[in-house]
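Chain by chain, the residues run as shown.
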Amino acid sequence: MSNPSSADSDFDFSELHGLFFDEAGEHLDVMESLLLSIDIATADDEQLNAIFRAAHSIKGGAATFGFTDITELTHQMETVFDLVRKGKMPLSTALVDVFLASGDTLKAMLLALKNNSAGVAAADVAVLCARLRAFLEPAGAASTTQATAAASAAMPLLELIFGPLDETFTAAAVDGIVSDLKDFGSLEEILPSAPVASDNPEAPPERRYYITTEVSAGDLTDAIAFMADPERVKVMSVQVSAAVALAAAAQMPLEDKGFGLFVDAASLPVNQPEVAVVKSTEGKVVELKSAAKPAAAQSGGGEGASIRVSVEKVDQLINLVGELVITQAMLAQTASKSDPVLYEALFNGLATLERNTRDLQESAMSIRMMPMSVVFSRFPRVVRDVAAKLGKEVDLNTIGESTELDKGLIERIVDPLTHLVRNSLDHGLEPPDERVAKGKVRKGTVTLRAYHQGGAIVIDVADDGRGLHRDKILAKAKERGMAVSDNMSDAEVWQLIFEAGFSTADKVTDVSGRGVGMDVVRRNITEMGGRVEIQSTADVGKRISIKLPLTLAILDGMSVRVGKEVFILPLTSVSESLQPAAGAVRTISGRGCVIAVCGDYLPVISLAEAFGMHGDVTQHELGILVIIEAEGGKTAILVDELVGQHQVVIKSLETNYRKVPGISGATIMGDGRVAMIVDVAYVVSLANSLIEKAA
């Protein structure tokens, strides 16, 4: 991949590269969203202009920084789409496919530049450029070009590297040498390159060419030796395809010499920007920006003042606010021992401090909150590609895109959601003919929905396909030797699909069916403090619901006392609490205990027993049972007393001490004591294992 030479300019653009990478990524996201949603038959001018502007903006920035391969590809995209938006060329599915593929390649090229890693092969870029240029040819000329491509495809592709360049061996001299070689052995120039920096940033630049020729690399090296120092020339063979040869036959020079320094009038925004918050998941940057509405919603982009702040600084701010919340709680705890009448001014000041601290905490946390649209925007492309591979017709509906979630959770939820969506497409939705035979419409529907529920966020992945078949799942579980029974509830049966290696697929495909992934989905969601629930009706469809906390920094919890210690139970995992009647808790074989709640028998475990402690309560009817839920199962835990319900600031126990089984974190209470946050999945698993041993 080409990089600018330090000799090209005395100005150091490296500090601006990050801004270019972020903005180019945003342009590519907008372009992909528009291409996936556009109606080919009735595309409006605003959509077409927005796609054109995205390619134009990327090209201008790339040319400014000397990224010639990106400039070349976006130039071809811009040239083709300029004809489309002017009505001189029809929009087609084939053109949309090439643009989507070009967008994927541009993302890979930008990522390589950003990470200083190996980029996309020049031959791959040439293939895409050739595919784009093919749309520019008259229908009658297509066969001639294809014949030329086929004839050239038999020739080897050679890469010529001239360098290092200096005052005696200049880029102009190299261009002259290549020009003189044009009549030697039917040499065809494919992809000329600007000076390319070598792997060593302190080394002088090089110049590269990709050519096709009938002669061998050795003969070509001997010919060049008459015109240049052989020590400064390398000739290497590269794999070539007909599409690459087509690039040689249709090579077009760049026409735009503005290099992004002069803005075309067509690319100027037509609407005034609104104040918005833009937070990028790419890289470690949070951007507060005055920006226009997305191009998908309007014809103009917008640029305004922005402050780019690293995520580390935002996390530091949130940690300091958390410490302030703890300090405020400690002051309130201390003041509660004083006479409020005698110290009225103190109590008024503390009330104001509490209110301001809470507002500050919410404002600081909102910086890390991102809309679910950041996640949902990835799936139109996933659905389009997978549905095409499977030969299915699918509509994707997204609901609740403005629902916000913590950035840390946003990044970690993408993979589980992707797996669930692909599973719905592969196993859930039937082929069109099968759907029609069942009386359904040919086109299936996958729905992604995000919404708030209490202090948590719920993300649904639903489809109107086959649903889960209870008998098939139970038969597969028995075949694998799993402990199951026909009396299990539907919810318990559905949870079996999350067991490692479990799959009911009749055949393995490259989309899914190996039984690898669903167990990882549940484990990843559990590690985020969430849980997964499934509702399904055979031949009607299924819905998988993921319930997550809004943030990893603050927890809505229920504090309970066991002996002298206070523990925090995540409120999202608490179903109810009760004081059992005498004899309600029964013992199984002297090992495990159960209690009947709403017709179900739930295992009972003492929290003191789980952590090897001594509690004040040993008889169940004298204590409190808290019903918790995790991994599809419920458990009743015995505690001495319910203390209260409040928000707590989560501190990592593993970072500050070490990992403790059954404990997911810690917090500091208002009286200064440390309270442990219970890992409910661990407790539920422990209770179930005791029951299994008793059985």
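In this text, all values refer to a predicted model and were calculated from it rather than measured experimentally.

Reading the values: the criteria
- Residues numbered from 1 in each chain as written.
- Predicted model: local features only at pLDDT ≥ 70, side-chain atom pairs only at ≥ 80, totals over all residues.
- Heavy atoms only, no water.
- Helix = DSSP H or I, 4+ residues; strand = E, 2+ residues; numbered from the N terminus.
- Buried < 20%, exposed > 50% of the residue type's maximum accessible area, 1.4 Å probe, protein only.
- Contact = heavy atoms within 4.5 Å.
- Areas by Shrake-Rupley, 256 points an atom, 1.4 Å probe, with all protein chains shown as cover.
- Expected span 1.5 Å × (residues − 1).
- Core = buried A, V, L, I, M, F, W, Y, C linked by side-chain atoms within 4.5 Å.
- pLDDT = per-residue confidence, 0-100.
- Phe/Tyr/Trp six-rings, centres within 6.5 Å; stacked < 30°, edge-to-face > 60°.
- Pairing = 2+ DSSP bridges.
- Axes fitted to C-alpha atoms, helices over the stretch in contact; angles between N-to-C directions.
- Parallel < 35°, antiparallel > 145°, perpendicular 65-115°, else oblique.
- Left-handed = near helix turned anticlockwise from the far one by under 90°.
- Nonpolar A, V, L, I, M, F, W, Y, C, P; charged D, E, K, R; others polar.

1. Observations regarding the overall build of the protein chain
Then, number 1: Broken down by element type, the protein chain carries 21 helices and 25 strands.
Then, number 2: The buried share among the 695 residues of the protein chain stands at 44%.
Then, number 3: For the protein chain, contacts bridging at least 24 residues in sequence account for 70% of all contacts bridging at least 6.
Then, number 4: Carbon and sulfur atoms make up 52% of the accessible area of the protein chain, which amounts to about 34,200 Å² in all.

2. As for helix H3 (residues 68-85)
Then, number 1: Between its terminal C-alpha atoms H3 stretches 25 Å, which fits the 26 Å expected from 18 residues at 1.5 Å a residue.
Then, number 2: Here H3 lies mainly inside the structure; 14 of its 18 residues are buried.
Then, number 3: Phi turns positive, to about 80°, at Gly87, one or two residues after H3.

3. Thoughts on the nonpolar core
A general feature of soluble globular proteins is that nonpolar side chains tend to end up buried together.
Then, number 1: Counting 47 residues, the largest nonpolar core has Met372, Val375, Ile413 and Leu548 as the members making the most contacts within it.
Then, number 2: Not counting the four nearest positions on each side in its chain, Ile413 is found in contact with Val375, Ile459, Ile525, Met528, Ile546 and Leu548.
Then, number 3: Within the second largest apolar cluster, 40 residues are counted, among which are Phe21, Ala55, Phe65 and Phe99.

4. What about the confidence of the model for the protein chain?
Then, number 1: Residue-level pLDDT values for the protein chain average 75, and 76% of them are 70 or greater.
Then, number 2: Confidence drops under a pLDDT of 50 for residues 139-155, and excluding neighbours within four residues, the segment shows 16 contacts in the predicted structure.
Then, number 3: Here residues 189-199 scores under 50 on pLDDT; set against residues more than four positions off or in separate chains, the count is 43 contacts.

5. A closer look at the packing of aromatic side chains
Then, number 1: As enumerated under the stated definition, the model contains five aromatic pairs in all.
Then, number 2: Note on Phe21 and Phe67: the rings are 6.3 Å apart at their centroids and 20° apart in plane angle, and the pair reads as stacked. Here Phe67 lies in the loop between helix H2 (45-65) and H3 and Phe21 lies in helix H1 (residues 14-37), a separation of 46 residues in the sequence.
Then, number 3: Taking the relative accessible area as the measure of exposure, Phe21 reaches 11% and is therefore buried.

6. So, the sheet that holds strand E22 (residues 633-639)
Then, number 1: The strand order across the open sheet formed by six strands is E17-E21-E22-E20-E19-E18, and the pairing between neighbours is mixed. The open sheet has two edge strands with one neighbour each: strand E17 (574-578) and strand E18 (585-588). When strand polarity is set aside, the average angle formed by the axes of neighbouring strands in this sheet is 35°.
Then, number 2: Note that strand E20 (residues 600-606) and E22 share three bridges and pair parallel. Residue pairing across strands places Ile605 opposite Ile637, the latter belonging to E22.

7. Thoughts on the environment of Arg523
Then, number 1: On the secondary structure map, Arg523 appears in helix H18 (residues 518-527).
Then, number 2: The spacing of Arg523 and Pro416 is 107 residues in sequence and 9.6 Å in space, taken between C-alpha atoms.

8. Some details on the packing of H3 against helix H4 (residues 93-115)
For any two helices packed against each other, the geometry comes down to the angle between their axes and how far apart the axes lie.
Then, number 1: It is at 11 Å that the axes of H3 and H4 come closest, and there the two elements cross at 155°. Comparing the axis directions of H3 and H4 gives the class roughly antiparallel. For the element pair H3 and H4, the recorded crossing hand is left-handed. Mapping the contact onto sequence places Asp69, Ile70, Leu73, Thr74, Met77, Val80, Phe81 and Val84 in H3 and Leu95, Phe99, Ser102, Thr105, Leu106, Met109, Leu110 and Leu113 in H4.
Then, number 2: Taken together, the residues of the contact of H3 with H4 sort by class into 12 nonpolar, three polar and one charged.

9. Brief notes about the sheet that holds strand E23 (residues 641-649)
Then, number 1: The five strands are arranged E23-E15-E16-E25-E24 in an open sheet whose pairing can be described as mixed. Because the sheet does not close on itself, it has two edges, and the strands there are E23 and strand E24 (663-668). Taken over all neighbouring pairs, the strand axes of this sheet differ in orientation by 35° on average, direction set aside.
Then, number 2: Where E24 lies against strand E25 (residues 674-678), five bridges are found, and the strand directions are antiparallel. Looking at the pairing, Gly665 lines up with Ile677 of E25.

10. What about the pairing of strand E19 (residues 592-597)?
Then, number 1: Among the six residues in E19, five count as buried, and that is most of the element.
Then, number 2: Here E18 pairs with E19 via four bridges, running antiparallel. Looking across to E19, one finds that Arg586 is bridged to Val594.
Then, number 3: Across five bridges, E19 lies against E20 in antiparallel orientation. Paired with Ile595 across the strands is Leu602, a residue of E20.

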